[in-house]
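Take a look at the letters that make up each chain.
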Amino acid sequence: MLILVPIAFAAGVITAFTPCILPVLPIVLAGGAGAATKRRPYAIAAGLVTTFTAFLLAGAWLWSLIGVSPKHQIKIGAALLLVLAVILVVPKAGELVERPFAFLTRRRAGDLGGGFLLGASLGLVFIPCGGPVLATLTANAATNRVGGWIVVIAIAYALGAALPMLAIARGSRGLASRFRQHAQAVRVTGGALMAVSALVIYQGWAQSLQTKVPGYASWVQDAIEGSSAAQSGLDRLDGRQRQVFATGEEQLATRVEKVPLKNYGSAPDVHEVSAWVNTKPLSLPGLRGKVVLVDFWTYSCINCLRTLPYLKAWDARYRSKGLVVLGVHTPEFAFEHDLGNVRSAVKRLGIRYPVALDNAFGTWKAYGNNYWPADYLVDQDGHVRGVHFGEGDYAQTESDIRLLLAAGKHEHLPRPGGDTDHTPKELRTPESYLGYLRIGNYTGSPLHTDQTAAYTFPASLTQDSFAYAGQWRIEGERIISAANARLRLHFQARSVHLVLGGHGRVMVKLNGKLQQTVRIDGDRLYTLVTQRQAKDGLLELQFTPGLSAYAFTFG
């Protein structure tokens, strides 16, 4: 675990040189330029490290206590920045704010307190291009798995991100010292610059700024955070070394122990299930003597939908021989929490095996899961004997099922299905979210979050990017069409799918030619384009008002 500390520090340093720093860079420059003491840049760095670490580790819990959503968290930070801008422009206001911090030094408080507050506010709005290190820290914090190593690694990451900004703040202070005769003008200019930055962050334009700049440091980030040493440490930190299933007691010899499969420990039971479909309530202890395939899925996930034919085939082929396929439906979008929507999806998709609604992510957290789809194969004695994330390897999974069934019951099994693996292997556009909380590869007009606004298409779109035109309302996890709403996407894939909701129509054009008009009659995944092979294409969609769009996926 010690190896992750320098890796986290290096990852933090790299983060400070990615496009993510663009929205806060003017603030750091303004804060340093407006410094009246040499220590103010250090106070800025201290404030950033303090709040960034605190809210990384406990932010989800703290904000949930007072009911503050992610979008409002950023707005609070932006409002605090605006207050600090006023402090720079109006010296008397600065003195009032800085006076409580006078005890921190024998000298005049100067702007040490304001510097700490500035850094603290940056900790609220600084949303890094988090690689695997930050993703693992966030996942552990969100599921309340915060321990000593998590804290140490989080501090190392925050220090790495803060040090380059400390250098920037000190450099800007040095620049300002050359213009000492214009100190008040520099201070006012810095305050105005900070106020503009606060407005950019408050309005949500920062996301648009970040998406317009290429990830020029991504290859360095991948080299450090994607190394085998880093991945091994992150797996141990995140509990993915399969010890997450161990209960601590000495494992008992089982009747299937001689099966040549790993034993990852006792399988967690299902937790906090809000409803069941196709069955009465079940439990893993109640299924002892059966082989259980626990499948985490959600009905609008294209990767999950592509695994369903194999799951359904195994259920039909081996149910009478002792196999139970248990679908754990863990929602990604708000509409997937609805029991009626899930029931309709299960019926429409022809799923006959039991499905548990994991709306509170109780079972997801119990397994330490992070993926849709994910499969955990449990033997007759309740031990996890196989784990697979994502699509593919269906023949191997069926072989493992047959090994456990044969070991538990010495009876004749039907021949294996020999199902062809249709998992896409070619290069294709990655999943693209449309709401501002997870937006990526967006190009076009500045985003106006949580309000209806007009957008225009750019002159061109780079590979894998998209843009809006017409009237749209951009929300956290979705976009809602208004008058003349259109969406353009430059993709590479065989098929294009879009999660949509509401009632209306979407007109589909591919490379300028009308392909079809899709009728939208509910919240689910819709297929817009199907081709024989993966091709580069320009997709344009025209929406009737009132439709919701969530995310593109590709096949």
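Residues numbered from 1 in each chain as written. Predicted model: local features only at pLDDT ≥ 70, side-chain atom pairs only at ≥ 80, totals over all residues. Heavy atoms only, no water.

(A) How the structure looks around the pairing of strand β15 (residues 548–554). Counting buried positions along β15 yields seven of seven residues, so the element is predominantly enclosed. Direction of pairing for strand β7 (residues 432–433) relative to β15: antiparallel, over a ladder of two bridges. Bridge pairing links Ser432 to Phe552 in β15. As judged from the two bridges shared by strand β10 (residues 479–481) and β15, these two strands associate in the antiparallel manner. (Buried < 20%, exposed > 50% of the residue type's maximum accessible area, 1.4 Å probe, protein only. Helix = DSSP H or I, 4+ residues; strand = E, 2+ residues; numbered from the N terminus. Pairing = 2+ DSSP bridges.)

(B) Region of interest: the sheet that holds strand β1 (residues 275–277). Read from one edge to the other, the open sheet built from six strands follows the order β1-β4-β3-β2-β5-β6, with strand pairing classed as mixed. Among the strands making up the open sheet, the edge pair consists of β1 and β6 (384–389). With direction set aside, neighbouring strand axes in the sheet form an average angle of 20 degrees. Bridge analysis of strand β3 (residues 323–329) against strand β4 (residues 355–357) gives three bridges, and the strand direction is parallel. Looking at β4, one finds that Val328 is bridged to Ala356. Sitting on the sheet, helix α14 (residues 339–348) is in contact with β1, β2 (291–297), β3 and β4, with an inclination near 15 degrees to β1. (Axes fitted to C-alpha atoms, helices over the stretch in contact; angles between N-to-C directions. Contact = heavy atoms within 4.5 Å.)

(C) Quick look at the pairing of strand β13 (residues 513–520). With seven bridges connecting them, strand β12 (residues 504–510) and β13 associate as antiparallel partners. Bridge pairing in β13 places Val506 opposite Val518. Linkage of β12 to β13, two consecutive antiparallel strands, is achieved through a turn of two residues, within which Asn511 is found at a positive phi near 55 degrees.

(D) The arrangement of unusual backbone geometry in detail. With an omega of -15 degrees, the peptide bond between Trp372 and Pro373 qualifies as cis. For Pro373, the location among the structural elements is in the loop between α15 (362–366) and β5 (374–378). With a phi close to 55 degrees, Asp393 is a non-glycine residue in the positive phi region. Mapped onto the fold, Asp393 is located in the loop between β6 and α16 (394–408). Even without being a glycine, Asp450 presents a positive backbone phi close to 55 degrees. Structurally, the position occupied by Asp450 is in the loop between β7 and β8 (452–455). Look at Asp450 and you get buried, because its relative accessible area is 19%.

(E) Focus on the packing of aromatic side chains. For the structure on display, the rule yields 22 aromatic pairs. Seen in terms of ring centroids, Phe361 and Trp364 are 5.5 Å apart; in terms of plane orientation they differ by 65 degrees. Their pairing is edge-to-face. Residue classification places Trp364 among the buried positions, given a relative accessible area of 9%. Following the ring pairs from residue to residue traces out a cluster consisting of Phe296, Phe361, Trp364, Tyr367, Tyr371, Trp372, Tyr376 and Phe389. (Phe/Tyr/Trp six-rings, centres within 6.5 Å; stacked < 30°, edge-to-face > 60°.)

(F) Spatial organisation of the nonpolar core. Membership of the largest hydrophobic core comes to 37 residues, with the highest contact counts inside it found for Trp314, Leu323 and Ile401. Looking at this core, the elements with two or more residues in it are β1, β2, α13 (302–318), β3, α14, β4, α16 and β15. Residue contributions to this core peak at seven residues, all from α13. With 35 residues, the next largest nonpolar core counts Tyr455, Ile479, Ala485 and Leu547 among its residues. (Core = buried A, V, L, I, M, F, W, Y, C linked by side-chain atoms within 4.5 Å.)

(G) Looking closely at α13. Look at α13: 25 Å from first C-alpha to last across 17 residues, which is about the 24 Å you get at 1.5 Å a residue. The largest bend along α13 reaches roughly 35 degrees and is located at Leu308, with the proline Pro309 sitting one to four residues downstream. (Expected span 1.5 Å × (residues − 1). Bend = angle between axes of the 7 residues up to and from the residue.)

(H) Structural context of the environment of Phe9. Along the chain, Phe9 turns up in helix α1 (residues 4–15). It is 8.3 Å that separates the C-alpha atoms of Phe9 and Ile155, two residues lying 146 residues apart in sequence.

(I) Quick peek at the confidence of the model for the protein chain. On average, residues of the protein chain score 74 in pLDDT, and 57% of them are at 70 or above. Low confidence marks residues 101–112, where pLDDT is under 50. Its contacts with residues over four positions away, or in another chain, come to 19 contacts. The low-confidence segment residues 206–222 (pLDDT under 50) makes 39 contacts with residues lying over four places distant or belonging to another chain. (pLDDT = per-residue confidence, 0-100.)

(J) Quick look at the environment of Ile480. Counting through the fold element by element, Ile480 comes out in strand β10. Placed 45 residues apart in sequence, Ile480 and Gly435 show a C-alpha to C-alpha distance of 9.5 Å. Leave out the neighbours within four places in its chain, and Ile480 touches Gln471, Trp472, Arg473, Glu475, Gly546, Leu547 and Ser548.

(K) Spatial organisation of the side chain of Asn359. Looking at the secondary structure, you find Asn359 in the loop between β4 and α15. Only 3.4 Å separates the side chain of Asn359 from the side chain of Ser274, close enough to count as a polar contact. Not counting residues up to four positions away in its chain, the partners in contact with Asn359 are Ser274, Pro331, Glu336 and His337. (Polar contact = N/O pair within 3.5 Å; in protein donor to acceptor, adjacent residues only side chain to side chain.)

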